[in-house]
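Architecture at a glance
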Amino acid sequence: MSPPPAIFWLTRDFRFSDNAALAAAARGPVLAVFFIDRLLMAQGAASRWRLERGLRAFDAELRRRSGQGVLILRGEPDQLLPGLAAALDAAKVHQSDWPAPEMRVLQARVDAALQVGGRRLVLHPGHLLIHPRLVRTKTGGSYRVYTPFARTLRGIGPDQPGASAPERITQAAPPAKGLALENLNLAPDLHGGRAVLDRHAVPAGEAAALARLDAFLDRVTDYETRRDRTDLEATSGLSEHLALGEISPRSLWALARARGRDTPAASAGVEKFLSELIWREFAWHLLIEFPQMASAPWRPEWRDFPWQGDSDQAEAWRRAETGIPLIDAGLREMRVTGRMHNRVRMVVASWLTKHLLTDWRLGLAHFQDSLSDWDPAANAMNWQWVAGCGPDASPFFRIFNPETQAERHDPAGRYRQLWLETRAADYRATLPRSQRALPPARVTLEAGRQRALDAYASFRQTTGAQE
Ligand SMILES: Cc1cc2nc3c(=O)[nH]c(=O)nc-3n(C[C@H](O)[C@H](O)[C@H](O)COP(=O)(O)OP(=O)(O)OC[C@H]3O[C@@H](n4cnc5c(N)ncnc54)[C@H](O)[C@@H]3O)c2cc1C
């Protein structure tokens, strides 16, 4: 008997290898469908822009394998999938699980809607290294500290990569007319910034992710010692591919480990890289356990911290006009490319939350709108880590000094020069035509630091909050 038709609901798994959902759906005739829905449009502009590029790359490869592209529909999956499944007589809709809290709600709605017609939604793992329920403390609880979490995960070992999609795929004829990929423009709110991002984009898609991994593994020996250098290309640059599932963390782990085994000189760099992948995993573990982490302090006592709301100074930070070279350079890099070096992310976040005492959620929202590698778990965990209110966080009194950070991690000033001078015109091209002038900055390095420490001391005194 030939396998029954099925639907592959494409969300954030733009790859063909280690894609168990696509492999399961493609056993028989499959329809690959993507929705422009409320959840997608609530994402930030840069990540929608990047997603569109990923969708194009996936669509091109699907056409090569099946002669037909992705069916793109505007609307809500719980309203549209039951009708599509009925028209195809597909009993199952397969999806790679993206365990973000909002997606969980949508998945439940889709499954309920499908069940009315006797059909169901089947979720497949692949976004994480290992099922989060397997990494537990001795008493069965969830981890709140990275180091023991990492130890337990390494002890169990991540899952092996799962099934890959076949080289030849038979697609079912779409029962509805889809939108044309060429005219999508998923991020109209970028205005002139879109052309700038296009100019600085790195190639999207699974083949590009694998090529990037390969190039990175050739220089992984230096990763441990040079990854904080903002002026060098020392890190992998894989976060945007991971955010869209153009490569799975399980495949990354397996390929990097193999390189470490074959090339002993690379093994220290590889192990450091794997521990960064575990930070990503830890962030997801936390978000799954504490979905409120994306909008509320992970440590409840921090609800009472006297954060300041939006202000001219926060606006100057968003506009990359703080007057502090490393900070303005990083914020401009993000505006022009959708990327920002990890070290600089920490420094700009520290400036906003400590020197400017501004609520970390304002920074989180700006990053969400501006990062092409936006990831709800990594973004929330890291903002809370810098602000001091997160799990296993950097203590509040650890305040990055942007000048010493610049001396250490951009010793010849090349990174600052690139973003403040060489690419200044690109940055200006992303700005709206008319902008209200801002008053000059009032916070100096030392005064801002002292104000933050005073606010923290009085907060600890009144609430008894622990470091
Ligand atoms: C305030 C702030 C916000 C951030 N927001 C995001 C975000 O929205 N999306 C995102 O992917 N990363 C975020 N990060 C983490 C980190 O900055 C990026 O993952 C990293 O810069 C990506 O570059 P890379 O791929 O070259 O990293 P590499 O150094 O090559 O690391 C390999 C992979 O490990 C993971 N990783 C590395 N560092 C971290 C970390 N601190 N937390 C979680 N995972 C990590 C990423 O998946 C990364 O691709 C944030 C960090 C800070 C300080």
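Model, not experiment: these values are computed from the prediction.

1. Remarks on the nonpolar core
Residues Ile 7, Trp 9, Leu 81, Phe 273, Phe 305 and Trp 317 are the most contacted members of the largest nonpolar core, which totals 104 residues. Counting residues per element, this core draws most heavily on helix H12 (residues 267-289), which supplies ten residues. Contact partners of Leu 81, with chain neighbours within four places excluded, come to Ile 7, Trp 9, Val 33, Phe 35, Val 93, Val 110 and Leu 114. Ranked by size, the runner-up nonpolar core spans 26 residues in total, among them Ala 6, Ala 25, Leu 51 and Leu 62.

2. What about the pairing of strand E4 (residues 92-96)?
With four of five residues buried, E4 lies mostly within the body of the structure. In this structure, strand E1 (residues 6-9) lies alongside E4, joined through two bridges in parallel fashion. When the bridges of E4 are listed, Phe 8 appears paired with His 94. Bridging between E4 and strand E5 (residues 120-124) involves five bridges; their strand directions are parallel. Residue pairing across strands places His 94 opposite Val 122, the latter belonging to E5. A crossover links E4 with its parallel partner E5, the connecting element being helix H5 (residues 101-116), and its sense is right-handed.

3. A few points about the UniProt feature "site: Electron transfer via tryptophanyl radical" (unreviewed entry) in the protein
Here, UniProt's "site: Electron transfer via tryptophanyl radical" (unreviewed entry) annotation points to Trp 307, Trp 360 and Trp 383. Their sequence span is 77 residues, while the largest C-alpha to C-alpha distance among them is just 13.8 Å; these annotated residues converge on one region. By the element assignment, Trp 360 lies in helix H16 (residues 360-370). Each residue touching Trp 360, except ones within four places of it in the same chain, is listed here: Met 293, Ala 294, Ser 295, Ala 296, Pro 297, Trp 307, Thr 353, Trp 383, Gln 384, Ala 387 and Cys 389.

4. What to know about the packing of helix H15 (residues 342-355) against helix H17 (residues 376-387)
Orientation of H15 relative to H17, taken along the N-to-C sense of each, is 55°, at an axis distance of 9 Å. By the angle between their axes, H15 is oblique relative to H17. Note that H15 runs across H17; the crossing there is right-handed. Along the contact surface, H15 presents Met 346, Ala 349, Ser 350, Leu 352, Thr 353 and Lys 354, while H17 presents Trp 383, Trp 385, Val 386 and Ala 387. Here the contact of H15 with H17 is composed, by residue class, of seven nonpolar, two polar and one charged.

5. Details of the site of the ligand
Of all residues adjacent to the ligand, which total 26 residues, the nearest are Tyr 223, Thr 235, Ser 236, Gly 237 and Asn 342. Here an oxygen atom of the ligand and a backbone polar atom of Leu 238 are 3.1 Å apart. The fraction of the free accessible surface of the ligand (820 Å²) that becomes covered by protein chains is 95%. Put simply, the parts of the chain that give the shell around the ligand at least two residues each are helix H10 (239-243), H12, H15 and H17. Split by residue class, the shell around the ligand holds 14 nonpolar, seven polar and five charged.

6. What about empty space enclosed by the protein?
Under the counting rule described, the total for this entry stands at two cavities of 30 Å³ or more. In this model, the largest cavity occupies a volume close to 70 Å³. Taken together, 14 residues line the largest cavity, and the ones lying closest to its centre are Arg 12, Asp 13, Arg 15, Gly 126 and His 127. Tallied by class, the residues present in the lining of the largest cavity amount to four nonpolar, five polar and five charged. Counting contributing residues per domain, the lining of the largest cavity is built from domain 1 (1-127) and domain 2 (128-162 + 204-289), each supplying no fewer than three.

7. Looking at the side chain of Asp 410
Mapped onto the elements, Asp 410 comes out in the loop between helix H18 (402-409) and helix H19 (414-422). The class for Asp 410 is buried, based on a relative accessible area of 0%. Aside from chain neighbours lying at most four places away, what touches Asp 410 is Thr 230, Asp 231, Gln 405, Tyr 415 and Arg 416.

8. Some points on the sheet that holds strand E2 (residues 30-36)
Pairing within the open sheet is parallel, and its five strands lie in the order E3-E2-E1-E4-E5. Sheet topology places strand E3 (71-74) and E5 at the edges, where each strand pairs with a single neighbour. With direction set aside, neighbouring strand axes in the sheet form an average angle of 30°. Looking at chain direction, E1 and E2 are connected through four bridges and run parallel. Bridging from a neighbouring strand, Ala 6 pairs with Val 30 of E2. Packed on one face of the sheet, helix H4 (residues 77-88) meets E1, E2, E3 and E4 and runs near 160° to E2. Where H5 meets the sheet, it contacts E1, E4 and E5, and its direction lies at approximately 145° from that of E5.

Cut-offs applied
- Residues numbered from 1 in each chain as written.
- Predicted model: local features only at pLDDT ≥ 70, side-chain atom pairs only at ≥ 80, totals over all residues.
- Heavy atoms only, no water.
- Core = buried A, V, L, I, M, F, W, Y, C linked by side-chain atoms within 4.5 Å.
- Buried < 20%, exposed > 50% of the residue type's maximum accessible area, 1.4 Å probe, protein only.
- Helix = DSSP H or I, 4+ residues; strand = E, 2+ residues; numbered from the N terminus.
- Contact = heavy atoms within 4.5 Å.
- Pairing = 2+ DSSP bridges.
- Right-handed = clockwise from strand over helix to strand, strands pointing away.
- UniProt positions renumbered as here; feature names shortened; annotations may be inferred.
- Axes fitted to C-alpha atoms, helices over the stretch in contact; angles between N-to-C directions.
- Parallel < 35°, antiparallel > 145°, perpendicular 65-115°, else oblique.
- Left-handed = near helix turned anticlockwise from the far one by under 90°.
- Nonpolar A, V, L, I, M, F, W, Y, C, P; charged D, E, K, R; others polar.
- Near = heavy atom within 4 Å.
- Polar contact = N/O pair within 3.5 Å; in protein donor to acceptor, adjacent residues only side chain to side chain.
- Areas by Shrake-Rupley, 256 points an atom, 1.4 Å probe, with all protein chains shown as cover.
- 1 Å grid on protein atoms, 1.4 Å probe; cavity = no way out; pocket = protein on both sides within 12 Å on 5 of 7 lines; lining within 4 Å.
- Points joined across faces, edges and corners; volume = space filled by probe spheres on them.
- Domains from an automatic or database assignment.

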